[in-house]
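Residue-level structural notes
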Amino acid sequence: MGQLQPLEGNLAVAEAMRQINPDVVAAYPITPSTEIVQTFANFVADGEVDTNYVAVESEHSAMSACTAAAAAGGRVMNVTSANGLALMWEILYITASFRQPVILTVVNRALSGNINIHCDHSDTMGTRDAGWIQLYSENVQECYDNLIQAVAIGERMDVRLPVMSCLDGFLVSHSYEMLEVEDDEAVREWIGPYKPNEPLLDVENPYTMGPIDLYDYYIEHKYSQWQAYPAAKQAVIEEGKRFGETFGREYGLMETLGLDDADIAVVAMSSAAGTAKDVVDKLRDEGVKAGLLKLRCFRPFPGEEIAAALAGCKAVCVMDRAASFGAGSGPLFHEIAAAMYTGGQTVPINNVIYGLGGRTVKPADIESVYRGLMEIADTGKVEQVCTWLSVRE
Amino acid sequence: MRVYPPDAKWHEMADGGVIPQAGNAEEYDVSGWRSAHPVRDDECCIQCLFCWIYCPDNSVLVKDQKVVALDPKHCKGCGICAQVCPKDCITMQPGGDMPEEEDK
């Protein structure tokens with residue numbers, strides 16, 4: 001049986017890492033994820049884990065070391081935020097291309113400039129094409145649960161992809177909440193022992209990884225990688241279900257609230273989805289048929305499932321905690337709008353960019369989004385595709 | 001199988017773009033990369049082996065401490081051998097076609 005404990009998001013992640021007991025962690029601390037690295041380094045120093053902890057000189061080196069350690073045959077984890085993730089950018093693609101299931105916790109933080117240490121999703125959204133699976137957590141319990149599941153998902157032999165487990169900087173990373181921490185043995189049994197796939201340290205079966213790969217084979221190798229993502233989506237579903245069977249908290253690609261009969265719905269990720277749940281409850285009390293789609297799995301992107309879940313709505317708003325400069329709207333909106341269109345949906349849809357650099361999103365802010373949707377549902381017209389929430393104009 | 005054939009399909013190769021057949025770079029034919037090729041005058045050669053030392057693709061074939069041939073399968077036509085030859089015995093000629101030299 002697990003135990004209820006009050007922990008911050010960062011401490012819950014460090015606790016999950018202690019329980020997972022990876023072979024290698026090579027990390028370079030950065031706010032707001034520093035505390036995870038610091039706490040885990042204590043576990044290493046105190047002999048509570050068997051991990052080889054590598055202190056590196058940058059995030060680029062951190063992810064290089066992690067990718068190499070995974071290629072050598074180890075279970076590998078890493079932690080970062082914002083500009084640290086940006087510095088890893090080059091290597092992120094290589095980790096995924098090598099099909100190495102490195103597990104990276106990203107405590108979401110705004111990218112510079114200007115320098116800002118608070119939450120938004122510009123960091124992980126910037127890496128959306130790198131080939132990593134991405135799971136987003138609403139609260140402390142979810143960032144603990146998601147990290148454990150990330151290991152099982154990424155390491156499946158039909159997947160073998162790296163996974164980012166994301167939580168909102170400060171809002172979750174530095175917030176104390178009660179969560180159920182499972183027993184060490186139960187967690188270890190659930191994830192199982194690590195099975196390396198073609199490890200470089202297998203000297204009996206030497207092979208080459210990462211050589212030059214030109215026009216004659218490269219596109220086949222990329223197509224081969226492409227084929228892993230449907231399996232990854234299935235793995236997110238199956239491991240979420242299996243987690244529920246063992247620990248009583250089931251997960252899927254998304255969580256929905258009131259979508260069965262909703263006229264208006266908001267799509268949101270991470271902690272803002274938690275705030276939106278309260279707003280939905282309030283609007284439902286007023287007789288408004290409001291709904292919420294909380295996307296948990298952004299990569300692989302469950303476009304068909306999202307389009308199907310939103311099919312019955314009269315108006316939908318996608319909330320993006322990241323801007324795609326020059327695109328005219330946010331990244332989550334692009335993908336959902338494309339999924340709706342290709343899925344034959346004609347639901348009016350708009351986009352709100354919110355919370356950049358940690359700007360607080362209050363229940364009243366989200367309520368204003370729903371009020372806007374009520375107008376669109378009445379008229380069937382979207383006057384402005386993208387608006388910025390609570391910005392001083 | 002020493003190498004994946006040129007028509008290997010995506011599902012016929014290992015995941016992650018790895019090459020499970022160790023040391024098979026020798027099998028990879030890069031003759032198509034050449035836009036010029038070296039021509040070597042064996043009479044003029046003093047066997048200093050500079051070309052063998054400097055060739056970045058191990059394409060100067062040596063036997064019994066003597067240059068015996070240039071390897072048309074791996075020479076990329078970079079011209080370094082012609083540049084370093086102290087007797088100007090190697091000249092670069094336009095075109096990628098390079099005759100198979102007989103081992104002497």
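Predicted, not measured: the structure shown is a model, and the values here were computed from it. (Residues numbered from 1 in each chain as written. Chains lettered and ligands numbered in written order. Predicted model: local features only at pLDDT ≥ 70, side-chain atom pairs only at ≥ 80, totals over all residues.)

1. Describing the overall build of chain B
The cut-off we apply is this: Here a strand is any run of E in DSSP of at least two residues, a helix any run of H or I of at least four, and the numbering for each starts at the N terminus. Only the C-alpha atoms count toward the radius of gyration. The rule for a globule is 2.2 Å times the residue count to the power 0.38. Around each residue's C-beta, the other C-beta atoms within 10 Å are counted; 20 or more make the residue buried, 12 or fewer make it exposed, and counts in between make it partly exposed. All C-beta atoms are placed from the backbone. Note on contacts: each residue gets a C-beta atom placed from the backbone, and two residues are in contact if those atoms are within 7 Å.
Scanning chain B from N- to C-terminus turns up two helices and four strands. Reading chain B from its N terminus to its C terminus gives the helix and strand order β-α-β-β-α-β. Relative to the 2.2 N^0.38 estimate, which gives 13 Å for 104 residues, the radius of gyration of chain B is 16 Å and therefore markedly larger than a compact globule would have. Counting only C-alpha atoms, chain B reaches 50 × 30 × 20 Å along its principal axes. Considering chain B as a whole, with its 104 residues, one finds that 18% of them fall into the buried category. For chain B, the share of sequence-separated contacts (at least 6 apart) that also reach a separation of at least 24 residues comes to 63%.

2. Brief notes about the overall build of chain A
A tally of helices and strands in chain A yields 13 helices and 15 strands. Computed over C-alpha atoms, the radius of gyration of chain A comes to 21 Å, within 12% of the 21 Å expected from 2.2 N^0.38 for 393 residues, which places it in the range of a compact globule. When the backbone C-alpha atoms are referred to their principal axes, chain A occupies close to 70 × 55 × 45 Å. Counting over 393 residues, chain A shows a buried share of 50%. For chain A, long-range pairs separated by at least 24 residues make up 80% of all intrachain contacts whose partners lie at least 6 apart in sequence.

3. Re the sheet that holds strand 3 (residues 52–55) of chain A
In a beta sheet, neighbouring strands pair by backbone hydrogen bonds and run either parallel or antiparallel. All names here are of chain A. Applicable threshold: For two strands to count as paired, DSSP must find a minimum of two bridges between them. Angles shown run from 0 to 180 degrees and are taken between the N-to-C directions of axes, each axis being a line fitted to C-alpha atoms and, for helices, limited to the stretch in contact.
Judged by pairing direction, the sheet is mixed, and its seven strands sit side by side in the order 3-2-4-5-7-6-12 without closing on themselves. In this open sheet, the two edge strands, each paired with only one partner strand, are strand 3 and strand 12 (297–299). Each adjacent strand pair in this sheet contributes to an overall mean axis angle of 20°, direction not counted.

4. Overview of the domain arrangement of chain A
In many reports, interface size means the accessible area that the parts give up when they come together. All names here are of chain A. Put simply, the rule reads: Per the annotation, domain bounds derive from an automatic or database assignment of domains. Basically, the charged four are Asp, Glu, Lys and Arg, the nonpolar ten are Ala, Val, Leu, Ile, Met, Phe, Trp, Tyr, Cys and Pro, and anything else, Gly included, counts as polar.
Entries for chain A in the domain assignment read domain 1 (3–247) and domain 2 (254–388). Distance from the C-alpha centre of domain 1 to the C-alpha centre of domain 2: 28 Å. At the junction of the two partners, domain 1 supplies 25 residues and domain 2 supplies 20 residues. Among the secondary structure elements, those contributing two or more residues to the side of domain 1 that touches domain 2 are helix 5 (122–125), strand 6 (133–136) and helix 9 (228–247). Within the side of domain 1 that touches domain 2, the residues separate by chemical class into 13 nonpolar, seven polar and five charged.

5. Some points on the sheet that holds strand 15 (residues 386–388) of chain A
Residue and element names in this part refer to chain A. An order of 9-11-10-13-14-15 is seen for the six strands of this open sheet, with the pairing classed as mixed. Strands with a single pairing partner mark the edges of an open sheet, and in this sheet they are strand 9 (254–257) and strand 15. For this sheet, the mean inter-axis angle between neighbouring strands, taken without regard to orientation, is 20°. One ladder, built from three bridges, connects strand 14 (residues 349–353) with strand 15; its direction is parallel. Bridging from a neighbouring strand, Asn 351 pairs with Cys 386 of strand 15. Helix 10 (residues 271–285) contacts strand 9, strand 10 (264–268), strand 11 (290–295) and strand 13 (315–320) of the sheet and is inclined by roughly 165° relative to strand 11. Each of strand 10, strand 11, strand 13 and strand 14 touches helix 13 (residues 363–379); the most contacted strand, strand 10, lies at about 135° to it.

6. Overview of the nonpolar core
What counts is decided by this rule: The term nonpolar core means buried Ala, Val, Leu, Ile, Met, Phe, Trp, Tyr and Cys residues held together as one set by C-beta atoms within 7 Å.
Membership of the largest hydrophobic core comes to 121 residues, with the highest contact counts inside it found for Cys 66, Val 266, Val 267 and Met 319 of chain A. By residue number, the principal contributor to this core is helix 6 (residues 140–155) of chain A, which donates nine residues. The residues that make up this core include at least three from each of domain 1 (3–247) and domain 2 (254–388) of chain A. Each residue touching Val 267 of chain A, except ones within four places of it in the same chain, is listed here: Leu 293, Leu 295, Val 316, Val 318, Met 319, Leu 332 and Ile 336 of chain A. Counting residues in hydrophobic clusters, the runner-up holds eleven residues, among them Val 60, Val 67, Cys 75 and Cys 85 of chain B.

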